[in-house]
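Fold and geometry: a report
So you can see what is in the structure, the chains are spelled out below.
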Amino acid sequence: MNTKQNFSTLELTKMALLTALICVSAYIVIPLPFSPASLTAQTLVVNLIALLLTPRQAAFTIVVYMLLGLSGLPVFSGGVGGPGKLFGPTGGYIMAWLIAVVLMSWLKGKRYSFRRYCLVTMLVGMPVTLILGSIYMKFVTGMDWVSVFTVAVLPFIPLDLFKCAAAAAIAKPVQISLLKAGTSI
């Protein structure tokens, strides 16, 4: 009996497209002069990864993204790649995405619900990412907790809330398109 589960062509295509999308979203950056972290479109895509894929697929997608960046390809925020970015002050956010996407994907439910998707991204994804990323930043930089909260959490909350709602809204038409594509294959 084969217990190994392989990904279908449609699943691999979805994961590849979302991996490409997170790489491209890294170039949409608003630097913050007071913070080592920047505002990026990546949070929106991380939420989409969680909302459009199963937990296993979401984890695989984030791992592939991390490996692409770790190998030196310029896929991290601002078009940077290499271990310096992944293990630098903001690398904890990237690593936290792996846990966040699995949890969000697992908790999103089987059927689309804008309200549930918003709640899962806002109450699970955001806190996991911001808390783990901040802890990592404090560890790497030695900053005090107030400074970390001021530069690495507080400025991101308003736009992250918007990106969570946007991902929840975008997920429905994308899911409908994927269902149509899946039935025609």
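Just so it is clear, the structure is predicted and the values come from calculations on it, not from any experiment.

Okay, the UniProt feature "transmembrane region" (unreviewed entry) in the protein next. As annotated by UniProt and renumbered to match this structure, "transmembrane region" (unreviewed entry) occupies residues 12-30, 60-80, 86-107, 119-139 and 145-170. The span residues 60-80 shows a helical share of 52% and a strand share of 0%, and its end C-alpha atoms are spaced 21 Å apart. When the span residues 119-139 is considered, its composition is 100% helix and 0% strand, and the gap between its end C-alpha atoms is 29 Å.

A few words now on the environment of Y112. Within the secondary structure, Y112 sits in the loop between α5 (91-107) and α6 (114-141). The partly exposed category is assigned to Y112, whose relative accessible area is 27%. Only 2.8 Å separates the side chain of Y112 from the backbone oxygen of A168, close enough to count as a polar contact.

With that settled, the discussion passes to the packing of aromatic side chains. Following the criterion strictly, the structure yields 4 aromatic pairs and no others. Taking the centre distance of 6.2 Å and the plane angle of 40° together, the rings of Y65 and W97 count as tilted. With Y65 in helix α3 (residues 55-70) and W97 in helix α5, this residue pair connects regions lying 32 residues apart in the sequence. On the accessibility criterion, Y65 (0% relative accessible area) is buried. The exposure class of W97 is buried, given its relative accessible area of 7%. Taken together, Y65, F76 and W97 form an aromatic cluster joined through their ring pairs. Looking at R56, its charged tip hangs above the ring of F7, at a distance of 4.2 Å from the centre. A cation over a ring is seen here: K138 above W145, with NZ or CZ 5.3 Å from the ring centre.

All right, on to the nonpolar core then. As a rule of thumb, nonpolar side chains are buried together in soluble globular proteins. I22, I49, Y65, V101 and M104 are the most contacted members of the largest nonpolar core, which totals 33 residues. If near-sequence neighbours (up to four positions away) are discounted, I49 is found in contact with L18, I22, A58, T61, I62 and V101. Within the second largest apolar cluster, 13 residues are counted, among which are L32, L39, M137 and V148.

On to the packing of helix α1 (residues 9-25) against helix α2 (residues 42-52), then. The geometry of α1 relative to α2 is characterised by a closest axis approach of 8 Å and an angle of 165° between their N-to-C directions. The orientation of α1 with respect to α2, classified from their angle, is roughly antiparallel. Considering only the axes of α1 and α2, their crossing is left-handed. Judged by residue contacts, K14, L18, L21, I22 and S25 of α1 engage Q42, V45, V46, L48, I49 and L52 from α2. Partitioned by chemical class, the residues of the contact of α1 with α2 number 8 nonpolar, 2 polar and 1 charged.

Moving on, we come to a nonpolar patch on the surface. On the surface, a cluster of nonpolar side chains totalling about 470 Å² of accessible area is made up of I99, I131, L132, I135 and W145. Here the nonpolar patch takes 3 residues from α6, the largest share from any one element. As for its position among the elements, I131 is in helix α6.

Moving on to empty space enclosed by the protein. A full pass over the atoms with the stated rule returns 1 cavity of 30 Å³ or more. Contributing to the lining of the largest cavity are 25 residues, with S38, T40, T43, Y93 and W97 lying nearest its centre. Among the elements of the structure, β2 (39-40), α2, α5, α6 and α8 (157-184) are those that each provide at least two residues to the lining of the largest cavity. Within the lining of the largest cavity, the residues separate by chemical class into 13 nonpolar, 9 polar and 3 charged.

In this section: the environment of F149. Looking at the element boundaries, F149 is found in helix α7 (residues 145-152). Residue classification places F149 among the partly exposed positions, given a relative accessible area of 43%. Linking F149 and I131, residues 18 residues apart in sequence, is a C-alpha distance of 9.3 Å. If we ignore the near neighbours within four places in the chain, the residues touching F149 are L154 and P155.

Parameters and conventions
Residues numbered from 1 in each chain as written. Predicted model: local features only at pLDDT ≥ 70, side-chain atom pairs only at ≥ 80, totals over all residues. Heavy atoms only, no water. UniProt positions renumbered as here; feature names shortened; annotations may be inferred. Helix = DSSP H or I, 4+ residues; strand = E, 2+ residues; numbered from the N terminus. Buried < 20%, exposed > 50% of the residue type's maximum accessible area, 1.4 Å probe, protein only. Polar contact = N/O pair within 3.5 Å; in protein donor to acceptor, adjacent residues only side chain to side chain. Phe/Tyr/Trp six-rings, centres within 6.5 Å; stacked < 30°, edge-to-face > 60°. Lys NZ or Arg CZ within 6 Å of the ring centre and 35° of its normal. Core = buried A, V, L, I, M, F, W, Y, C linked by side-chain atoms within 4.5 Å. Contact = heavy atoms within 4.5 Å. Axes fitted to C-alpha atoms, helices over the stretch in contact; angles between N-to-C directions. Parallel < 35°, antiparallel > 145°, perpendicular 65-115°, else oblique. Left-handed = near helix turned anticlockwise from the far one by under 90°. Nonpolar A, V, L, I, M, F, W, Y, C, P; charged D, E, K, R; others polar. Patch = residues over 30% accessible without salt bridge, like charges linked within 9 Å, V, L, I, M, F, W, Y side chains within 5 Å. Areas by Shrake-Rupley, 256 points an atom, 1.4 Å probe, with all protein chains shown as cover. Salt bridge = Lys/Arg side-chain N within 4 Å of Asp/Glu carboxyl O. 1 Å grid on protein atoms, 1.4 Å probe; cavity = no way out; pocket = protein on both sides within 12 Å on 5 of 7 lines; lining within 4 Å. Points joined across faces, edges and corners; volume = space filled by probe spheres on them.

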